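Take a look at the letters that make up each chain.
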Amino acid sequence: MESPIVLYIDDRPQVLKPRKATLEGHGYYVKLASSGYTAIKTLEETSVAAVLLEYKQEGMDAEGIACHIKQRFPNLPIILLSAYSDMPQRILWLVDDYVMKGEMPERLMSTLKRARRLGPRSDEGHSRRQAAV
């Protein structure tokens, strides 16, 4: 059985590598993106089961990235990760779930399992749009 692919978006490489190792230790294959552009390009080229999006990023607008992903891949689950307990409602409307970093990795793993059961992969939305054209 193939490992589900998760796209992890964060602009800090020092954070991405240890989190990638944790996710891979739980059976996920992890694609990394350090910019919104790279994230969208990865989603266009790779079938992804879910997106993990870091809320606080230098030079990246997590809300804008989430909005862009939802426009292009409306059924792809996005899980927001943050150290903040109080999140703006406007970003919570764009994501499917929210995990505080203090709750990781246990809650993140259960959230990913639930997201995989509920949502299609990134290529399913893309193929439906192509069929409609």
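Structure shown above.
Throughout what follows, the structure given in this document is the object of discussion.

Rules used throughout
Residues numbered from 1 in each chain as written. Predicted model: local features only at pLDDT ≥ 70, side-chain atom pairs only at ≥ 80, totals over all residues. Heavy atoms only, no water. Helix = DSSP H or I, 4+ residues; strand = E, 2+ residues; numbered from the N terminus. Polar contact = N/O pair within 3.5 Å; in protein donor to acceptor, adjacent residues only side chain to side chain. Contact = heavy atoms within 4.5 Å. Core = buried A, V, L, I, M, F, W, Y, C linked by side-chain atoms within 4.5 Å. Buried < 20%, exposed > 50% of the residue type's maximum accessible area, 1.4 Å probe, protein only. Arc of directions from axis to C-beta. Salt bridge = Lys/Arg side-chain N within 4 Å of Asp/Glu carboxyl O. Pairing = 2+ DSSP bridges. Axes fitted to C-alpha atoms, helices over the stretch in contact; angles between N-to-C directions.

1. Observations regarding the side chain of aspartate 97
Then comes step 1: Topologically, aspartate 97 is positioned in strand E5 (residues 97-100).
Then comes step 2: Side chain to side chain, aspartate 97 and arginine 114 meet in a polar contact 2.4 Å long.
Then comes step 3: What aspartate 97 contacts, discounting residues up to four positions off in sequence, is Ile78, Ile79, Leu80, Arg107, Thr111 and Arg114.

2. Focus on the side chain of threonine 42
Then comes step 1: Relative to the helices and strands, threonine 42 is located in helix H2 (residues 36-45).
Then comes step 2: Leaving out residues up to four positions away in the same chain, threonine 42 has contacts with Leu7 and Lys31.

3. Things to note about the nonpolar core
Then comes step 1: Judged by nonpolar contacts, the single largest core of 23 residues is most densely connected at Leu7, Ile9, Leu43, Val51, Leu53 and Ile69.
Then comes step 2: Of all the elements in the fold, those that place two or more residues in this core are strand E1 (5-9), H2, strand E3 (50-54), helix H3 (62-72) and strand E4 (78-82).
Then comes step 3: Examining the composition of this core, we find that 4 residues originate from one element, H3, more than from any other.
Then comes step 4: One finds Tyr8, Leu52, Leu81 and Leu108 within the second-largest nonpolar core, a separate group that totals 17 residues.

4. Section: the environment of alanine 49
Then comes step 1: Residue position: alanine 49 is located in the loop between H2 and E3.
Then comes step 2: Through-space distance from the C-alpha of alanine 49 to that of leucine 76 is 7.2 Å; in sequence the pair is 27 residues apart.

5. Observations regarding H2
Given 3.6 residues to a turn, an α-helix orients residues that are three or four positions apart in the same direction.
Then comes step 1: Those residues of H2 not exposed but buried are Ala39, Ile40, Thr42 and Leu43. One side of H2 holds all its buried residues, which, seen down the axis, span an arc of 160 degrees. Across from the buried face of H2, at angles greater than 90 degrees, the exposed residues are Tyr37 and Glu45.

6. Let's talk about the pattern of salt bridges
Then comes step 1: Going through the model one piece at a time under the given rule, you end up with 7 salt bridges.
Then comes step 2: Glutamate 24 is paired through a salt bridge with lysine 20; the nearest N and O atoms lie 3.8 Å apart. On the criterion of helical spacing, the pair formed by glutamate 24 and lysine 20 is a turn pair, its members being 4 residues apart in helix H1 (residues 13-25).
Then comes step 3: Of the charged contacts in the structure, one is a salt bridge between arginine 107 and aspartate 97, with a shortest N-O distance of 3.3 Å. Note that arginine 107 is positioned in helix H5 (residues 106-118) and aspartate 97 in strand E5, a separation of 10 residues in sequence.
Then comes step 4: Classification of arginine 107 by relative accessible area gives partly exposed; the value is 29%.
Then comes step 5: Assessed through its relative accessible area of 16%, aspartate 97 is described here as buried.
Then comes step 6: Three or more residues joined by partner-sharing salt bridges are found here, namely Asp97, Arg107 and Arg114.

7. Things to note about the sheet that holds E3
Then comes step 1: With parallel pairing, 5 strands are arranged side by side in an open sheet as E2-E1-E3-E4-E5. What marks the edges here is a single partner per strand, and that holds for strand E2 (29-33) and E5. This sheet shows a mean twist of 25 degrees between the axes of neighbouring strands, independent of strand direction.
Then comes step 2: Two elements, E1 and E2, share 5 bridges in a ladder whose sense is parallel. Bridge assignment links isoleucine 9 to a residue of E2, and that residue is alanine 33.
Then comes step 3: Strands in contact with H3 are E1, E3 and E4; relative to E3, the strand with the most contacts, it is inclined by about 165 degrees.

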